[in-house]
Amino acid sequence: MQNKLLLLIVGLLSFSTWIDFISILTYVGYELALSPMGVALVTISMLAPKAIFTKVFIAIIKRYQAKQILLISTAVRVVCTFSLIWVESLQLLLVILLIRSFTIGFLQPVTLKQAKSSIADLGSNFASSLNMINTLSKIVAPAIGGIIGIYLGETAVFLLSAILGLTACAATFSLAEENSTQQHEADLQADFNPQSADNLKRILILLGVAIVIINGVSAMFTNILPYAFNYYEIPKIAFSLAITASAMAGICCNFYILKQSPNVSSFPVKVIFQAWMAIAISLSALVASLTSPAYSVYVICVCFFVVSLFRTYYEVYLTTYIYSLNTEVSVKFITIRQSLASYAGIAITLLAAVSLTNYSPINFMLSITCSSIFVALIWRFNCRALITPA
């Protein structure tokens, strides 16, 4: 019962996060009529707190009950979302988005801590369910938000987002208090002891490199592909078909993992490397196809399908591994993972924006994917030298 309730709360908050994403960008672009730099600042304000306040998240989660943190952070988040209705200046908008993003940064580590203390069996099924919720939210919520925004305006979207947050807040009261006995038993079963501390530090470094490259490259392509498609006159329908293919791959992969229920108790080196190489090679093929518009639509759809398939595969296995660790270590890992992904998204997106003023999209994107493959091979070699592969 507790796992379903926790997944419901995560689902409501994830849906709330994504349903107003398009509306915020539309609002700043049309209502506030901001410059490109202003729009960039808005995007960064939604990523920066999760990147910067890693130590703050870890300290607060270590000190207080997960239920209390989830309740307070959700309540503040609802107030921030509701206040977007009356924002009329960039300065006030940035302040509200920074506070809102800070509260959103608690969701992943708090969910982990609450799950570890109240759910007896945390296997790949729970991680896959979380990933499924996030995948569906990214696909369905922006579409619904966009439709509501067109017919009822951005105010209605912000109001709906706030209502979803309030519902999650109310549901949080029904969560069980942290069970220190169950959490302690789970930690005893976790693959962690003082002798493995050095090994975990090495794993954290290797994990950090993988996250920065995989997440950063994925975020960069998401942001610049619409520009590249327009530059090479790719039909507009290609992007819609690609997103559909991506969604299908993510859902299929999640269902497959739910059915298989794999046990992931050691660092999934093989899975990460396979996903890394598959994503980099698929994106290279996608870029190479841009010069042939007649065939590129088909290649783009296939590449998006493969990228989403392996990205989901990698995310679920990595999350399952993190959940298998000692509670304190797992909270630290998942918070750092969130931080590095945000840093990567900011840095590589800014790099792309600067580079595209001097280079063609194909040259820039191919240089990124080829560099990613080279780094992946070095990473795999270092995994052999530092840790025992999964």
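Now for a description of the structure that goes with this document. Given the structure is predicted, the values throughout are model-derived calculations rather than measurements.

Definitions and limits used
Residues numbered from 1 in each chain as written. Predicted model: local features only at pLDDT ≥ 70, side-chain atom pairs only at ≥ 80, totals over all residues. Heavy atoms only, no water. Helix = DSSP H or I, 4+ residues; strand = E, 2+ residues; numbered from the N terminus. Buried < 20%, exposed > 50% of the residue type's maximum accessible area, 1.4 Å probe, protein only. Contact = heavy atoms within 4.5 Å. Areas by Shrake-Rupley, 256 points an atom, 1.4 Å probe, with all protein chains shown as cover. Disulfide = S-S within 2.5 Å. Expected span 1.5 Å × (residues − 1). Arc of directions from axis to C-beta. Core = buried A, V, L, I, M, F, W, Y, C linked by side-chain atoms within 4.5 Å. Axes fitted to C-alpha atoms, helices over the stretch in contact; angles between N-to-C directions. Parallel < 35°, antiparallel > 145°, perpendicular 65-115°, else oblique. Left-handed = near helix turned anticlockwise from the far one by under 90°. Nonpolar A, V, L, I, M, F, W, Y, C, P; charged D, E, K, R; others polar.

### Some thoughts on the overall build of the protein
Counting its regular elements, the protein contains 17 helices and zero strands. Relative to its 390 residues, the protein shows a buried fraction of 52%. Excluding contacts between residues fewer than 6 apart, the proportion of contacts in the protein whose partners are at least 24 apart in sequence is 88%. Split by element, the accessible area of the protein, about 18200 Å² in all, is 67% carbon and sulfur.

### So, the state of the cysteines
Scanning all chains against the criterion turns up zero disulfides. With no disulfide of its own, cysteine 301 lies closest to cysteine 303 among cysteine sulfurs, the gap being 9.4 Å. The exposure class assigned to cysteine 301 is buried, which follows from its relative accessible area of 18%.

### What about helix H6 (residues 66-83)?
A rise of 1.5 Å per residue sets the reference length of H6, with its 18 residues, at 26 Å; its end C-alpha atoms lie 26 Å apart and thus fit the reference within 8%. Taken together, the buried positions of H6 are Ala66, Lys67, Ile69, Leu70, Ser73, Thr74, Arg77, Val78, Cys80 and Thr81. Within H6, the buried residues cover an arc of 165 degrees as seen down the axis, which keeps them to one side. Exposed side of H6, more than 90 degrees from the buried face: Ile72 and Val79 are the residues found there. In the core, the buried residues of H6 are packed alongside helix H1 (2-19), helix H5 (54-63), helix H7 (90-104), helix H8 (107-118) and helix H10 (154-172).

### Topic: the environment of glutamine 338
Note that glutamine 338 resides in helix H16 (residues 327-355). Separated by 127 residues in the primary sequence, glutamine 338 and isoleucine 211 place their C-alpha atoms 9.0 Å from one another. Among residues more than four places away in sequence, those in contact with glutamine 338 are Lys50, Phe57, Ile104, Gly105, Gln108 and Pro109.

### A word on H5
Within the span of H5, buried status applies to Thr54, Phe57 and Ile61. Projected down its long axis, H5 shows its buried positions confined to an angular sector of 65 degrees, all on one face. Facing away from the buried surface of H5 by more than 90 degrees, the exposed residues are Lys55, Lys62 and Arg63.

### A look at the nonpolar core
Counting 88 residues, the largest nonpolar core has Phe267, Leu290, Tyr321, Phe333, Met365 and Trp379 as its most contacted members. Broken down by element, this core gets its largest block of residues, 16 residues, from helix H12 (residues 197-231). Beyond its immediate chain neighbours, meaning those up to four positions away, leucine 290 contacts Ala228, Phe229, Tyr232, Ile234, Ile300, Ile362 and Met365. With 14 residues, the next largest nonpolar core counts Ile24, Val28, Val87 and Leu93 among its residues.

### What about the packing of H6 against H10?
The N-to-C vectors of H6 and H10 enclose an angle of 165 degrees; their axes lie 9 Å apart at closest approach. On the basis of their axis angle, the class for H6 and H10 is roughly antiparallel. The interaxial crossing formed by H6 with H10 has left-handed handedness. Mapping the contact onto sequence places Lys67, Leu70, Leu71, Thr74, Ala75, Val78, Thr81 and Phe82 in H6 and Phe158, Leu159, Ser161, Ala162, Gly165, Leu166, Ala168, Cys169 and Thr172 in H10. Here the contact of H6 with H10 is built from residues that sort into 11 nonpolar, five polar and one charged.

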